[in-house]
Amino acid sequence: MINLTSDTVTKPTAGMLQAMMAAEVGDDVFREDPTVNALEAKASAMFGHEAALYCPSGTMTNQIALKVHTRPLDEVICDEMSHIYQYEVAGYAFHSGIGVNLMQGENGIVDALMVEKAIKPLHDWLPISKLVVLENTCNKGGGSYYSLATIREIRRLCLEKGLKLHLDGARIFNALVETGDTPADVGREFDSISVCLSKGLGAPVGSLLIGNQSFISEARRVRKVMGGGMRQAGFLAAAGIYALDHHIERLKVDHAHAQHLSRVLAELNYVSNIRPVKTNILIFDLKLPATNANFLAFLAEHQIKASVFGPQTIRFVTHLDVSQQMIEQVVHVLRQYKP
Ligand SMILES: *Cc1c(COP(=O)(O)O)cnc(C)c1O
């Protein structure tokens, strides 16, 4: 099976499993799990912050950040494609009692002017603009990413206007291997950062929330009330440490695979509107008579899985468990499809 559905489908490598089995563990709710503590220390240092918190998912790290940065009746400003708006079950309203103010960026990427226009003036009848969230890379935007210059302009504006800035960095390392910026270059510009270990980095479970000491202390309380306090989580955290040590640079391979698939798709008459491929996500439309159903059925006959991303839209995601040889097989199958 060649699974291009998502980069979340990876299974631990032999080396990662070995690191997990060898982990020293304790009860993390009492902060006595040395492996979780080591992962948190490693991640916060990497991103130039004081502290970090290991959580079960990226949805939880984002939702905790929204909760800690805002009060009910505030609003968060983000792009319309944002994961926090699209795919987190309206958790901003449920957990934090806040509204959302959407920007229309380019493939999910916004600039300081768009943020400035979105900030509401203070009136009794308006929500208070309290927080800006950037997503880097942007999933729905086809893996698009920010330049450090744009991030810095947005940061400057947020400081001037007294707004907090959170990074949904579920796939931040996919951006960093392309831009060449360090995690600290980007990390320093944000009040808080969410990083997924279970996407391209290949860990089975886990995300990190990173920020200063007082932010993370409050975040730890919110994680507990959400039911995210785990016990001997070091077995999982060990996979995260292994991923940070071994699986960052290789993300470039996934990007090259996505580029290759994109060039092949461009030659096929049943494909249109291939979104610019920046990292490991490839989004394209099918031309009728090709449909999602018959295209995916054809792929399935050849042991290939992909996901539906709109009425005539398909998404491929490349990752650790998709080899060069598998990419060649996908190319072969794509060329055979006749709608
Ligand atoms: C995957 C993802 C998340 C969080 O996902 P979980 O499945 O809850 O870990 C957050 N933001 C973005 C952009 C993502 O792609």
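Residues numbered from 1 in each chain as written. Predicted model: local features only at pLDDT ≥ 70, side-chain atom pairs only at ≥ 80, totals over all residues. Heavy atoms only, no water.

Caption draft 1: Spotlight on the overall build of the chain. Within the chain, the secondary structure is distributed over 14 helices and 13 strands. Element-wise, carbon and sulfur atoms account for 54% of the exposed surface of the chain, whose accessible area totals about 14,400 Å². In the chain, 32 positive and 35 negative side-chain charges are present, and the distance between their average locations comes to 2 Å. (Helix = DSSP H or I, 4+ residues; strand = E, 2+ residues; numbered from the N terminus. Areas by Shrake-Rupley, 256 points an atom, 1.4 Å probe, with all protein chains shown as cover. Lys, Arg positive; Asp, Glu negative; His and termini not counted. Charge placed at Lys NZ, Arg CZ, Asp CG, Glu CD.)

Caption draft 2: Representation of the sheet that holds strand E10 (residues 281-286) in the model. Read across the sheet, 4 strands follow the order E9-E10-E13-E12 without closing on themselves; strand pairing throughout is antiparallel. Sheet topology places strand E9 (271-272) and strand E12 (307-310) at the edges, where each strand pairs with a single neighbour. The pairing of E12 with strand E13 (residues 313-317) spans 3 bridges and is classified as antiparallel. For serine 307, the partnering residue across the bridge sits in E13 and is arginine 315. (Pairing = 2+ DSSP bridges.)

Caption draft 3: Region of interest: the packing of helix H1 (residues 14-21) against helix H11 (residues 234-246). Remark: H1 packs on H11, axes separated minimally by 8 Å, with the N-to-C direction vectors making an angle of 135°. The pairing of H1 with H11 is recorded here as oblique in orientation. You can see that H1 and H11 cross each other, and the crossing is right-handed. Of the residues in H11, those touching H1 at Gly15, Met16, Ala19, Met20 and Met21 are Phe235, Leu236, Ala238, Ala239, Tyr242 and Ala243. (Axes fitted to C-alpha atoms, helices over the stretch in contact; angles between N-to-C directions. Parallel < 35°, antiparallel > 145°, perpendicular 65-115°, else oblique. Left-handed = near helix turned anticlockwise from the far one by under 90°. Contact = heavy atoms within 4.5 Å.)

Caption draft 4: Fine view of the pairing of strand E6 (residues 164-169). Most of E6 is tucked away, with 5 of its 6 residues classed as buried. Here strand E5 (residues 128-135) pairs with E6 via 5 bridges, running parallel. Among the inter-strand pairings, valine 133 is bridged to a residue of E6, identified as histidine 166. The parallel pair E5 and E6 is bridged by helix H7 (residues 148-161), and the resulting crossover is right-handed. Sheet topology places E6 next to strand E7 (residues 192-196); 4 bridges connect them, and they run parallel. Within the sheet, the bridge partner assigned to glycine 169 lies in E7 and is valine 195. (Buried < 20%, exposed > 50% of the residue type's maximum accessible area, 1.4 Å probe, protein only. Right-handed = clockwise from strand over helix to strand, strands pointing away.)

Caption draft 5: Here's a closer look at the pattern of salt bridges. Tallied over the full model, the rule gives 14 salt bridges. We note a salt bridge from aspartate 7 to arginine 171, for which the minimum N-O separation is 2.8 Å. With a gap of 164 residues between them, aspartate 7 in the loop between strand E1 (2-3) and H1 and arginine 171 in the loop between E6 and helix H8 (172-179) connect regions that are remote in the sequence. Across this residue pair, the class does not change: aspartate 7 and arginine 171 are buried. Note that glutamate 40 is salt-bridged to arginine 220, the shortest N-O span being 3.8 Å. You can see glutamate 40 sitting in helix H2 (residues 34-46) and its partner arginine 220 sitting in helix H10 (residues 213-225), a full 180 residues away along the chain. (Salt bridge = Lys/Arg side-chain N within 4 Å of Asp/Glu carboxyl O.)

Caption draft 6: Layout of the site of the ligand. Neighbouring the ligand are Ser57, Gly58, Thr59, Asn62, His83, Glu88, Glu135, Asn139, Asp168, Ala170, Arg171 and Lys199. Take glycine 58: an N or O atom from its main chain is 2.8 Å from an oxygen atom of the ligand. Here threonine 59 contributes a side-chain N or O atom positioned 2.6 Å from an oxygen atom of the ligand. For the ligand, the accessible surface in isolation is 390 Å², of which the surrounding protein chains cover 85%. At 3 residues, the largest contribution of residues to the shell around the ligand is made by helix H3 (residues 58-69). Of the residues in the shell around the ligand, the class split is 1 nonpolar, 6 polar and 5 charged. (Near = heavy atom within 4 Å. Polar contact = N/O pair within 3.5 Å; in protein donor to acceptor, adjacent residues only side chain to side chain. Nonpolar A, V, L, I, M, F, W, Y, C, P; charged D, E, K, R; others polar.)

Caption draft 7: Molecular detail of the domain arrangement of the chain. When its domains are assigned, the chain resolves into domain 1 (7-246) and domain 2 (250-336). Across the domain 1 to domain 2 interface the summed buried area is about 1,600 Å²; carbon plus sulfur atoms make up 60%. Run the count over domain 1 and domain 2 and you get 0 salt bridges. Between domain 1 and domain 2 we count 6 residue pairs in polar contact (both at pLDDT 80 or more) in total. (Domains from an automatic or database assignment. Buried area = accessible area lost by both parts, 1.4 Å probe.)

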